[in-house]
Amino acid sequence: MPEIYTELTPPTSVTHSLVFPFTTTTTPNLILTKTNVLQIFTTISVQTELTAPAPSTPDAGIDRRIVGDGADEEQGDFAGDLTLQRTKLEDVAKLVLIAEFTLAGEVTGLARVAARHDGDDEKPDMLLIAVREAKMSLVSWNRDRQTLETVSLHYYEREEFWSPLVSEGLPSQLVVDPGMRAVVLRFAEDMLAVLPLRQEGEDEEMLDGPGEEEDVEMAEGAEEEDDDWDPNAPEKTEVKGGERKVSTAIGGKGKRKEAAKSGKSDLPFLPSFVVSAAQLDDAISHVLSLAFLHEYREPTLGILYSPRFTWTGWLDQRKDTICYIVITLDLEQKASTPIISVQGLPYDLFKVVPLTPPIGGSLLLGANEIIHVDQAGKTTGVAVNSYTKKSTNFGGLADQSDLCLALEGSTVVELEGEGGDLLLITMNGTAVIVGFRMDGRNVSGVKITKIANHPGPLVGGFTTTAVALGGKRLFIGCDEGDARILKWKRKGEKKKKPIMPGLHEGLEDQDVEDIYDMLDDVDDDLYGGSSTDLSGARKDSVFTDSRVGDHRATGEYVFQTHDRIINLGPFRSIAMGRPTFPPDALEKQRGVVPELEIIATAGPTNTPEDAGLTLMRRSIAPTIIGHFGFPACKALWTVRAKSMKAETTQATGPDEPTRSFDEEYDRYLFVSKEGESQVFRVGDAFEEVRGTDFDADGDTLEVGIVGEGARIVQVVGEQVRVYDCDMGLAQIVPMFDEETGEDGPAIVKAKILDPYVILLRVDGSVVIYKLDKSMELAEEERDGIKGVKYKSASLYKARKGEFFPAEDDKDADYLLAMMTEDRTLQVFKLPNLNSPVCSADHFSSLPPILKQSTEMIPTSPRATTTSAAASATEDITEILLADLGDHAAREPYLIVRNSQDDITFYKLFLTSSSSISFVKSPNPVISTPRTNLAETPTYRQMVSMENVGGYACVFLPGTDPAFIIKTAKSTPRLHRLAGTAVRALSSFNTASADRGFIYVDVAGGVRVSLLPQEWNFDNPWHTKKVYLNESLRAVAWYDPMSVCIAATTKRVPFSLDEDDGRGEFDETQLQPMIDSGCLTIISPLTWTVVDRYEFAYNEVALVVNTISLEVSEHTKERRQLVAVGTGIFRGEDHSARGGIYVFEIIEVVPEPGKPETNRKLKLVTREEVKGTVSALCGVNGYLLAAQGQKIMVRGLKEDQSLLPVAFMDMNCYVTVAKNLGGLVLFGDFMKSVWFTGFSEEPYKMTLFGKDTQDMEVVAADFLPDGRQLYFVVADAKGAVRVLQYDPERKFFYPRVCVWEYKAFNKKNKKIDPKSLAGQRLIHRAAFHTPHEILSLSLLPRTTPTSPGQPEESHLLLAATRPGSLSLITTLPENSYRRLNILQNQIIVAEEHVAGLNPKAFRHVAANDKTGEFLRGVLDRGLLERWIGLATGRKAEMAERAGMEANAVREEVRNVGGEGLGFL
């Protein structure tokens, strides 16, 4: 059957970043990418109480309490450590997400492009995005639509640009000129696409530059603007040979030139051209790196290239093969001029880093050295390890080999305001400071200084990007570790008011005196006549020879982590574990915990920083504080009341009244039953309130407080009752009809927000009351809304000056959002009800933008609607305007709920004209349908809560209960609550349940709960990262003892001279490092290591599995055991060996006070084998191991030894071994996959079929579908292929012996020419994923399937390197065809981010020479876009697919993550 690919969670590894004002013209934005996800952030300052770390701690200077995202993480565990510590308030930088976009391409670079300004209309700069292969897309921010707009698309994928000698998949490099005069994209190794940028006031005749015959040096092979696409120009599209070509219409290009000449062109670029690096200079070949340099009048490139090849083993014959050249570009004449050339550089240089003034020039990074090249070509460098002398004869390198640094893959970022000092981060996360000795304006020396306060890793492993945020803050993104905001300061640095204007505020008094003394020598400094440097007076460079440097304060750098973006990956290995709780909490948690959770490895392997485990859950398992039955409870509310007695104390004493500690907690619990209500006093137990004025008659509709808690408002059907804090009746507000003088219509809904009470009555009328100075509710004037019938209403309290001009007499602005019965949205600013600040007549269609307009806003520029689609509207039942966010940032959202309980998010924002509008935020979650839609639900409406676990969130009661949670780094997301349907929920804040909640389920069970602590809600699934400070390679779950088994590694020095590796090492020499592994037991109660088994110093566990092995030949008893495959490495001169271990987990007496230590590893058997053990699996009670190039099946004998029973020879190193019953699938690193079977009588392994194509298999697994058997294979290039074993047997089922089919086919002479009776695996489908899949796991599908789907259905869970999870599932042929039509409409008709083509993005080039047709795989990410379309557009697309909108909704819901009901 066909397949569909669903991305469950997005990637979390940051790949690129850039800082500049993008959404506004003033405030800088942090723009970062995570493979194919683009995120736009802003930074805010949050005051946080910091605890000064003790100087002896290894993390001195890094406060671990401020790196979390939730308030719980910042508070820490007070009871765990009562040590008195000095605290202080400090402004901490936090990231706040503005927008997030998923691109149809892998981002390879980001660049800033200056926008064209029309007179006084200043526009924010634009963003240039480079995508894999050779594409560039220029986008800008549309403030009125709150989205990206594609300005132009540039692509250079023509065959003439790609040499057949250049291997595929080479990374591209995007560099931009510091003056924003040009952008260069390097692709196909040596090809350069040059995009000139338009300058203010330049001669527009540049567009009519010389022809190809007049070009100088670049004329040959130069390409014109045919590859630049302007979406605003009329165009025609041609598809030829799989390549999309876009050209302007007849006369379009001439019109664009004419418009440019007249000064009307607003495009920020000029025609691009493509040249090879050899056209810039004949000597250039094999470019390694290039960058635009600073302080040049024309765009100037520094290019590092290698005209000759060498390698480490050939250094005796050839070394110093790298060259560096500086070339100035004349963009108008398309000419180049070399100005500097440096030959004979060390062979290990790999990167060019441009330096800003006052240093200038460029920095060349090598594995063993750093070399600075100034504007005159003078070189100065430093050697960082002892291998420099052996690898190069290059002179002029200062000797700092005692640093023992390895600089491969290093990243450099400038520390602003520190006189040119650089922060260099190595591949293992270690950071050093690179400083420069200045002789006048010349660099006379380079020195590297270790950071004494951070002897270990500063970040987690390899750094992918580093940018300065300003204010002494950096953003560091890592490939395998967490991304961080770091702030630095100097030891002893004091904040003083500058004595002289413009002086650095960190200068000491002595430094200021030295500056005055130096003013007479400034003239000499300008001409280099003196060694005195004015910049040296600042606390900037690490060292200096000037006399000023001798007196200045040379404080060491101290770095603090202010915020972090948690990287959940890489998911090298995943396991399904069970949520575990202490014994005393098991009964409380029963019924509200998912059956399983995902446990995965996380963090780098070359450093313990950020390494550990990632836990992932699809449903929230609340921490239950208390549970009791209350079947009669239909709804409940909690209120926090304030006593008025404190105000009378003013007459008796001078002290101001203070609020008691108990008044911060909830005081009363109101319960609504059938026809009556009850109120309970909240304490250690719930005590019913008696002997007060509380009236129990009638169902309670809403309860709230006004007057800052001095009055409690209870709304029942016929009246509003107001009580004081002691439940004394203060006021009764009856419903009264002014026209008839009789009792008015009954109340059906109510909203209470201090000081307002909004009542929605049965006739659709709305009554508004406000608490006056006499502490009584008074009705507000409502002439503007009389006669209008409303269906839903919501109140929102906006911060002063946030959306409207600040008024002195108001502390806040109150917005009233109401939906009329004809589904028009009206937003009023109270108390003005005469004219709404926003009125959207088209609200019923749920368009992308809601604004003050009477016309329907089109869903896309190409959208056309039929008459049937135009009349389609959404059955909206409820709206809620509320804050969503955490302690760092909160934003208002309009939450819309329809009759099917589907949720739509609208974000409130201000347009460029300062008017209120709403923009739709994506929500891919489709709710579970109710059994009877015609039945009126008995659940409470959506509940807005100000503080639950530190989050301002919204809860959705009903059959599919869920929290709507938004963090500062995410968009709003639905997180389902584990358990059954929920009738009602309310916040609950007491001493025992701090910032918790209380809810009643459909069975009448009431639970007092907390959100799970230390869990993160940034992603669609909530996660928890456990930092173990140990690198993990593999993880497994041992279910009999409910513990996690993990294989960990640590880096240790390696010596070939010593057999045990324990020799003495010279710390002044850079030693080779090797991984040393061990096997650990991790308790799921505390997530700490409770036992470990150490392997040999050079032995590493490569694979860990829990396998059911047969332990008795007579009784055939099977037992769950832990099997471990290891590799023993002794350098490349010795053949690798391996070991097979079998462990059992036993129960022992725990350590005192540590009940979790009652588990221990017991070694059952060990066998050393030739070759590394790279894959393990169980097959029919036997242990199958891939050792080297051989597959061996072993049985566990009763004497605890392993007995080989069968084997198979393989051609290559095996990477994957998976079993399904007696069937086994192998994958190797070159020859794709092998499908085999194992039989016991006699013992043998039989090859059934294999793939004839070459493929580097990273992950593979079975995907059975009814009586058909498929294999899903993922390679190292991101291609995922679906193969099938098809011996032309209609009744094939994987549980039946496969070799019987061969005999049947041979007897009947029925041979398939394509599959050769199954000997050749058939390729059925292929698609591309930007995330490298490292693990595939076969799981059962739990939810009811679609018609035509087999009863026993499976799915594959894919875990990736960037930290994302995906699903690969099968679906019926009819559903595939209908959804494929829908997907094609979305691809063709909808607007795509950055103009990228989703179909080309998923395409995999077929390399099958048999001409096999490959079917496309559906992308649920595209189908999810249908969910977010306007109602009319959805109906139109469904009609074209031959279905109704509700049928499409069910199809899309069934193919999502609904099959993972056990998570």
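These numbers were taken from a predicted model, which means no experiment stands behind them.

The next thing to look at is the overall build of the protein. Across its full length, the protein carries 15 helices and 91 strands. Out of the 1463 residues belonging to the protein, those deemed buried represent 58%. Residue pairs at least 24 apart in sequence account for 60% of intrachain contacts in the protein once pairs closer than 6 positions are excluded. For the protein, the exposed surface amounts to about 61000 Å²; the carbon and sulfur share of it is 49%.

The next subject is the pairing of strand β52 (residues 812-820). Counting buried positions over the 9 residues of β52 gives 9, a clear majority of the element. As defined by bridge partners, strand β51 (residues 790-799) adjoins β52 across 9 bridges and the pair is classed as antiparallel. In the sheet register, Tyr790 faces β52, and the bridge partner there is Thr820. Bridging between β52 and strand β53 (residues 825-829) involves 5 bridges; their strand directions are antiparallel. Within the sheet, the bridge partner assigned to Met818 lies in β53 and is Gln826. Count of turn residues in the β52/β53 antiparallel hairpin: 4 residues, of which Arg823 carries a positive phi of about 60°.

A contiguous nonpolar surface patch, about 270 Å² in accessible area, is contributed by Tyr1213, Phe1229 and Met1230. Judged by relative accessible area, which is 37%, Phe1229 ranks as partly exposed.

Taken together, the buried positions of helix α13 (residues 1420-1427) are Arg1420, Leu1422, Leu1423, Trp1426 and Ile1427. At its buried positions, α13 is contacted by β1 (3-9), α11 (1373-1389), α12 (1398-1402), β91 (1418-1419), α14 (1431-1440) and α15 (1445-1454).

Positionally, Asp724 belongs in the loop between β45 (719-723) and β46 (729-734). Among the residues examined, Asp724 registers a relative accessible area of 25% and is labelled partly exposed. Along the primary structure Asp724 and Met775 are separated by 51 residues, whereas in three dimensions their C-alpha atoms are 9.8 Å apart. When neighbours within four sequence positions are excluded, Asp724 is seen to be in contact with Ala710, Arg711, Ile712 and Ala730.

In this section: the sheet that holds strand β78 (residues 1190-1196). Ordered by their spatial adjacency, 4 strands build an open sheet running β76-β77-β78-β79, and the pairing between neighbours is antiparallel. For this open sheet the edge positions go to β76 (1173-1179) and β79 (1202-1209), each flanked by a neighbour on one side alone. Ignoring which end each strand starts from, the neighbouring axes of this sheet average 25° apart. In this sheet, strand β77 (residues 1182-1187) lies alongside β76 in antiparallel orientation, the contact comprising 6 bridges. Residue Val1173 lies in a different strand from β77, and its bridge partner there is Gln1187.

When you tally the buried positions in strand β43 (residues 700-706), you get 5 out of 7 residues, the bulk of the element. Strand direction decides the pairing type here: β43 and strand β44 (residues 711-716), joined by 6 bridges, are antiparallel. By the bridge assignment, Thr700 is partnered in β44 with Val716.

What follows concerns the nonpolar core. In terms of nonpolar packing, the biggest core is built from 29 residues, with Leu636, Tyr668, Phe670, Ile712 and Met727 touching the most fellow members. Those residues within four positions of Leu636 in sequence are excluded, and the remaining contacts are Leu669, Phe670, Val671, Arg940, Ala984, Leu985, Ser986, Ile998, Tyr999, Val1000 and Val1006. Core analysis: the second largest hydrophobic core is formed by 25 residues, Phe161, Leu174, Val183 and Ala188 among them.

Attention now goes to the packing of α13 against α15. A packed helix pair is summarised by two numbers, namely the angle formed by the two axes and the spacing between the axes. Contact geometry for α13 and α15: axes closest at 11 Å, N-to-C directions at 145°. Crossing hand, α13 versus α15: left-handed. Side by side, α13 and α15 meet where Arg1420, Leu1423, Trp1426 and Ile1427 of the first sit next to Ala1445, Val1448, Arg1449, Val1452 and Arg1453 of the second. Residues that form the contact of α13 with α15 fall into these classes: 6 nonpolar, no polar and 3 charged.

On to the pattern of salt bridges, then. Counted by the stated rule, this structure contains 71 salt bridges. When the shortest N-O distance is used, the salt bridge between Glu1110 and Lys1116 registers 3.8 Å. Because the salt bridges share partners, they merge into one network encompassing Asp482, Arg484, Arg564, Glu609, Asp610 and Lys1025.

Pairing in this open sheet of 4 strands is antiparallel, and the strands run β84-β85-β86-β87 from one edge to the other. Each of the sheet's edge strands pairs with one partner strand only, and the pair in question is β84 (1257-1265) and β87 (1322-1328). Adjacent strand axes in the sheet meet at a mean angle of 20° when their direction is disregarded. Sheet analysis places β84 next to strand β85 (residues 1268-1275), joined by 8 bridges and oriented antiparallel. Considered in β85, the bridge of Asp1261 is made with Val1272.

Further remarks concern α15. Listed in full, the buried residues belonging to α15 are Val1448, Arg1449, Glu1451, Val1452, Arg1453 and Asn1454. Those residues of α15 that are buried are in contact with α11, α13 and α14.

Mean pLDDT for the protein: 83, with 81% of residues reaching 70 or above. Ranking the helices and strands of the protein by mean pLDDT puts strand β2 (residues 16-20) first, with 97, and strand β15 (residues 243-248) last, with 32. Predicted confidence is poor over residues 646-661, with pLDDT under 50, and the contacts of this stretch with residues over four places away or in other chains come to 7 contacts. A low-confidence stretch, residues 855-865 (pLDDT under 50), is modelled with 23 contacts involving residues beyond four sequence positions or located in other chains.

This next bit is on the packing of α11 against α14. In the contact formed by α11 and α14, the axes pass within 9 Å of each other and the chain directions differ by 130°. In terms of orientation, α11 and α14 fall into the oblique class. At the point where α11 passes α14, the crossing takes the right-handed sense. On the side of α11, the interface is formed by Ile1381, Leu1382, Gln1385, Ile1386 and Ala1389, while α14 contributes Arg1433, Met1437 and Arg1440.

Within the structure shown, the criterion is met by 30 aromatic pairs. An aromatic cluster of three or more residues is present, and its members are Phe1235, Phe1248, Phe1262, Phe1271 and Tyr1285. When the ring centre of Trp1426 is taken as reference, the NZ or CZ atom of Lys1434 above it lies at 5.0 Å.

Cut-offs and rules
- Residues numbered from 1 in each chain as written.
- Predicted model: local features only at pLDDT ≥ 70, side-chain atom pairs only at ≥ 80, totals over all residues.
- Heavy atoms only, no water.
- Helix = DSSP H or I, 4+ residues; strand = E, 2+ residues; numbered from the N terminus.
- Buried < 20%, exposed > 50% of the residue type's maximum accessible area, 1.4 Å probe, protein only.
- Contact = heavy atoms within 4.5 Å.
- Areas by Shrake-Rupley, 256 points an atom, 1.4 Å probe, with all protein chains shown as cover.
- Pairing = 2+ DSSP bridges.
- Patch = residues over 30% accessible without salt bridge, like charges linked within 9 Å, V, L, I, M, F, W, Y side chains within 5 Å.
- Salt bridge = Lys/Arg side-chain N within 4 Å of Asp/Glu carboxyl O.
- Axes fitted to C-alpha atoms, helices over the stretch in contact; angles between N-to-C directions.
- Core = buried A, V, L, I, M, F, W, Y, C linked by side-chain atoms within 4.5 Å.
- Left-handed = near helix turned anticlockwise from the far one by under 90°.
- Nonpolar A, V, L, I, M, F, W, Y, C, P; charged D, E, K, R; others polar.
- pLDDT = per-residue confidence, 0-100.
- Parallel < 35°, antiparallel > 145°, perpendicular 65-115°, else oblique.
- Phe/Tyr/Trp six-rings, centres within 6.5 Å; stacked < 30°, edge-to-face > 60°.
- Lys NZ or Arg CZ within 6 Å of the ring centre and 35° of its normal.

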